[in-house]
Amino acid sequence: MSTALEPVQAGRPPGRTVSRYAAILTILLMLISGLFFAPAPAAQAATLGVGYGNEDLWLGSFSSHGRQAYCMDLDALPPWGNTHHPELKTTLDSLSETELARLNYVMGRWGESSDPNITAAVQMYVWDVADHSNYVGRGGDAHFVTRVPANVQGTVLANLNAMRDAAAANAVANPSVSMSISMSDQYHGQLTISANPASATGTVTLTSATFTNGSTSAMLGAGTHEIVGVPPESAPDYQITASIKAPAVGYGAGVDLFYTPGEQRILGTASFEPLSAEASSPVIPLDFQPVIETVVDAKFVQAGDVFADKLNVTVTKHSWIKVNGTPVPVLAESTLYGPFDAQPAEANAPPEGAPVLGTESLTLTHPGNYVSPGTLIAPESGFYTWVWRIDKTKQGANAKYLTDSFTDRFGRVAETSVTPFQPEAVSQANGRLVKPGDRVTDTITVSSTNGAWLKHNGEPIPVVFEGTAYQVPGTLPPVRGAEVPAGAVPISTVQVTATGPGEHESPEVVLPDAGFVTWVWQVKKASQPEWVRPYIAADWQDEYGINIESHSVRWPLTITSEVREYNVHQNGRAFDRITVSGFPENHPEFTSDGYWGPDEQEIEHTVYGPFKTDAELTDDLDLSDAPVLTRITTPAKNGVYDIGYTDEDRIQPTEAGFYVIVTRFAGDDRVQPFQSSPADIWERFYVPGAEQPVSVVTQATPVAGIGEEFDDAALVQGSKIPAGAYLVFRSYGPHAPDAEPVCEVPFFTSEKIAVTEAGIYRSGKTSVDRAGHVYWVETLYDAKGKVITEGKCGAPGETTVVTETPPEVPPTPEVPELPGKPSELATTGGGFPWLIAAGGLVALLAAGVTLWFGRRLALHRERGGDSGEEDAGIEELMNQ
């Protein structure tokens, strides 16, 4: 059988329903009437409660005043009369404190049960204690248990015995509770509860604290319980209090007596007030810990702009303390470190010697957002990082309210601003004096002009520089200016990616035309990789026309000439027509601008001779110690000049031999140097001596384009030309330039050209339909067809280079009429009249041939790897 004493909710016996409803109705009427009159509680008759039996023989509780009560007098009449409102009794008859405490305990624990097996046991326990002698005298437990059905008698006795044991162990005469609070720190403490009996529990309520589960109240018994302080918002100090209310039902030496005059007294559990206690901690002084987290207002700050930092202030301990309603002011100080050329590494403290731009301070009075004062201005490019501090020792009397000092970490990316750098370049053109077709470069020296060249991931940020070579309009040096003039023509644009400050050389640019070329360099943010653009302060462009950033592409001269007579008697006079083209139109008017030198004013024509044989007149003839007949000058400008006609430019040989006129222009900063060859057959004349053997010197068109006509010319020399002699010209090819010359089957053979006297004879025109080398061979025959002299296949001056592209022909100056000869020309030896008559035509043809020769020879030498030698020769002439 179960011995559990916890009440089980069971219904009352059906026979009592009407009585119970009547009692409830009576109570309600009494309560309603009490709202108006508040009289003393009225007496009422008790009724049967929960138990076994009936009005004649009952074992169980009575119901009175809404409670269950139990008879204490075995011999008294049942309480059917007017039972008074219960009254607390701490002394009753001769019952001891212990007996009263045990009665109170049993009725308090089980008296209100709805289980008749329990209420029957309670009644037997009350009789045994309150009217022990009568109870025992009538037979005790064995007698009274017979009032319950036989099948539950064991259960009732078991419940009775359990009640006796529990009352002996737990009933207390003087119940109590007490509490105390001790603190481990400002927020953590212990609540200690003492109780009598130890099993007593009650509702504990905390003020300014919670239990560890966050609740401010809990049902607790004796023991130590952890608590967490929750001070009021902004309080400078606080105090924790605790209170407990423990129900007193069943505890204490006392009972409630239901008195019915002249009838049975009935007892209920004592109506003691609940047990209670309070405790308080000492007053706990508080502090708080403000913390600063910042992010820069702008990641990129231009030089000259203000740095600003946005602060988010929070409190990690307590809340912002107020004293007398006023927030405690907290001084916060910041240091802006920089400039650095790269993002500094994050650390607890700045490195020793870190540069400092300046400091700022703020007074903080609440959590939330702040903005730095904005007194620091970005002076130059670099990375600048903020570090904020709260120094407890600088807070004065308010220091006691701060838990500790605070220092931000150094080098946080969110607290770092970048002042972009300004990459610029200074350039110097490589090749001050160059010629058309040259490949040139520009050397740029790059740097940041507003501070450090910034780095990203440890490497200098790459910057793309764009350089444009402009053809300067006109023929004079460029005028320096901020803008590129409208007439300047871009030749080429190149890029240089500068991976840091220093020198960088541009890619090559071909300069096709004569004139001045100047570089303009710029940095455009739009041309940079997207991630680079924010690090560059602004677009930049250097000035147009800076002298050291310019090339002079010197104009190539074309000077052709032809003597009017080949044979000149001693003391006779020679005459020469010189055609000059290639000078800029305003040459020699330029007088220097301080960087570019002035124009040379004259062209010098030197008559060298006499030479014993024409074999001495070669391209490599050393002119430094060659005999000189005379020197004549003409203006250094385009035109046709006839020399030898006046006393100032007289050409009058006095000795027999061979003579040649060499034209030389020293060159200047606008025009290339020029020197004609001593081997030029058009510039020779001869003063016959006693005997001169017959010889032939040839000079073929040096360069021609595919489909373009070209020819050969032969200078026949000798004091006695055989009668009936004639010339035949043959041409072979075209052959590959790198193949050995072969002259087997000619593709062109000239007519037989009669040779009557010394002079120049032409082959006639021919052309070819493919590129290559064409080799000329001239043969001089006597009247019977016997070879007098014959050229050699591949001889110097006897090769025409045929190219894919025809050469450019400069404009030929207007050719004037030939001047009349001086009267003493009667002393001049006989020439070849047909040549004199064709002088104008020859001059024109010679001009074109010489230009072709110069252009094609340059191309030929470039292909053959001889351009360096040619340049060296020009430099030697310039340095003379």
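Predicted model, so just to flag it, every value in this text is computed and none were measured.

On to the packing of aromatic side chains, then. Counting across every chain of the model gives 28 aromatic pairs. Plain terms: the ring middles of F465 and W540 are 6.4 Å apart, the flat faces sit at 70 degrees to each other, and that makes the pair edge-to-face. One end of the pair, F465, is in strand β32 (residues 463-471); the other, W540, is in strand β37 (residues 540-541), with 75 residues separating them in the sequence. The class of W540 is buried, set by a relative accessible area of 12%. Consider the rings of F516 and W596, whose centres lie 5.1 Å apart with planes at 70 degrees: the pair is edge-to-face. A residue pair is termed long-range when its members are at least 10 positions apart, and F516 in strand β36 (residues 515-523) and W596 in the loop between β40 (576-581) and β41 (602-611) qualify at 80 residues.

Two orientations exist for strands paired in a sheet by backbone hydrogen bonds: parallel and antiparallel. In space, the 3 strands of this open sheet follow the order β47-β49-β53, with antiparallel pairing throughout. Two strands close off the open sheet at either side, each with one partner strand: β47 (695-700) and β53 (759-762). Across this sheet, the average inter-strand angle for adjacent strands is 25 degrees, counted without regard to direction. In the sheet, β47 pairs with strand β49 (residues 712-717) via 6 bridges, with the strands oriented antiparallel. Each residue of the ladder has a partner; that of Q699, found in β49, is A713.

Two strands pair when backbone bridges link them, and strand β7 (residues 201-207) and strand β9 (residues 217-221) are joined in this way by 5 bridges, in the antiparallel orientation. Bridge pairing in β9 links G202 to L220. The pairing of β7 with strand β12 (residues 241-246) spans 5 bridges and is antiparallel. Bridging across to β12, T205 finds its partner in S243.

We now examine the nonpolar core. Nonpolar side chains in soluble globular proteins tend to end up buried together. Grouped together as the largest cluster of nonpolar side chains are 100 residues, with contacts concentrated most on L191 and L364. For this core, the element with the most residues is helix α3 (residues 116-130), which contributes 10 residues. Not counting chain neighbours up to four residues away, the residues in contact with L191 comprise M179, S180, I181, V204, L206, F211, G223, T224, H225, I227 and A242. With 34 residues, the next largest nonpolar core counts W453, L511, W519 and V523 among its residues.

This part takes up the environment of A279. With respect to the helices, strands and loops of the structure, A279 is situated in strand β15 (residues 275-280). Setting aside its immediate chain neighbours within four residues, A279 contacts M179, S180, I181, I240, T241 and A242.

For R554, the location among the structural elements is in the loop between β38 (550-553) and β39 (558-563). Only 2.9 Å separates the side chain of R554 from the backbone oxygen of D668, close enough to count as a polar contact.

Attention now goes to the state of the cysteines. Within this structure, the stated rule accounts for 1 disulfide. Covalently, C743 is tied to C793 through a disulfide, its sulfur atoms 1.9 Å apart. Here the disulfide of C743 and C793 is right-handed, its torsion about the S-S bond being about 75 degrees. Here the residue C743 occupies a position in the loop between β50 (726-735) and β51 (748-749), and C793 occupies one in the loop between β55 (787-790) and β56 (799-803), the gap between them amounting to 50 residues.

Another aspect to go through is the side chain of Q528. Mapping Q528 onto the fold places it in the loop between β36 and β37. Setting aside anything within four residues of it in sequence, one finds Q528 in contact with P462, V463, V464, V523, R533 and I536.

Assignment of secondary structure puts L364 in strand β22 (residues 356-364). When the C-alpha atoms of L364 and I390 are compared, they prove to be 10.0 Å apart, with 26 residues separating the residues in sequence. Leaving out residues up to four positions away in the same chain, L364 has contacts with I292, V313, W320, V328, P329, V330, A332, Y370 and I390.

In this section: helix α6 (residues 153-170). Along an α-helix, residues three or four apart share an orientation, since each turn contains 3.6 residues. Here α6 is 18 residues long and its end C-alpha atoms lie 26 Å apart, about the 26 Å a rise of 1.5 Å per residue gives. Against the buried residues of α6 lie α2 (97-110), α3, α4 (132-137) and α5 (140-144).

The next point concerns the pairing of strand β18 (residues 309-315). For strand β17 (residues 290-296) and β18, the ladder comprises 7 bridges, and the chain directions are antiparallel. Across the sheet, the residue bridging to E293 is N312, located in β18. Taken together, the 4 bridges between β18 and strand β23 (residues 368-371) define a ladder with antiparallel strand orientation. Paired with N312 across the two strands is N369, which belongs to β23.

What counts and what doesn't
Note that residues are indexed from 1 along each chain, following the sequence as it is written. In view of the model being predicted, local features appear only for residues whose pLDDT reaches at least 70, and side-chain atom pairs are presented and counted only at 80 or more, with totals across whole chains, interfaces and linings using the full set of residues. No hydrogens and no water enter the side-chain calculation; it runs on all heavy atoms of the structure. Ring pairs shown here join Phe, Tyr and Trp side chains whose ring centres sit within 6.5 Å, with only the six-membered ring taken for Trp; geometry is labelled stacked below 30 degrees between planes, edge-to-face above 60, and tilted in between. Strands are runs of DSSP state E lasting at least 2 residues, helices are runs of H or I lasting at least 4, and numbering of each runs from the N terminus. Accessibility here uses a 1.4 Å probe with only protein chains present; expressed as a share of the type maximum, an area under 20% marks a residue as buried, one over 50% as exposed, and anything in between as partly exposed. Strands are labelled as partners when DSSP assigns at least two bridges between them. Angular values range over 0 to 180 degrees, each being the angle between N-to-C directions of two axes fitted as lines to C-alpha atoms, with helices fitted over their stretch in contact. In this description, a nonpolar core means a group of buried Ala, Val, Leu, Ile, Met, Phe, Trp, Tyr and Cys residues linked to one another through side-chain atoms lying within 4.5 Å. Every residue pair with non-hydrogen atoms within 4.5 Å of one another is taken to be in contact. Pairing of N or O atoms within 3.5 Å defines a polar contact, subject to two protein rules: one partner must be a possible hydrogen donor and the other a possible acceptor, and residues neighboring in sequence count only if both atoms are side-chain atoms. Any two cysteine sulfur atoms lying within 2.5 Å of each other are counted as a disulfide. One less than the residue count of a helix, multiplied by 1.5 Å, gives the span that helix is expected to have.

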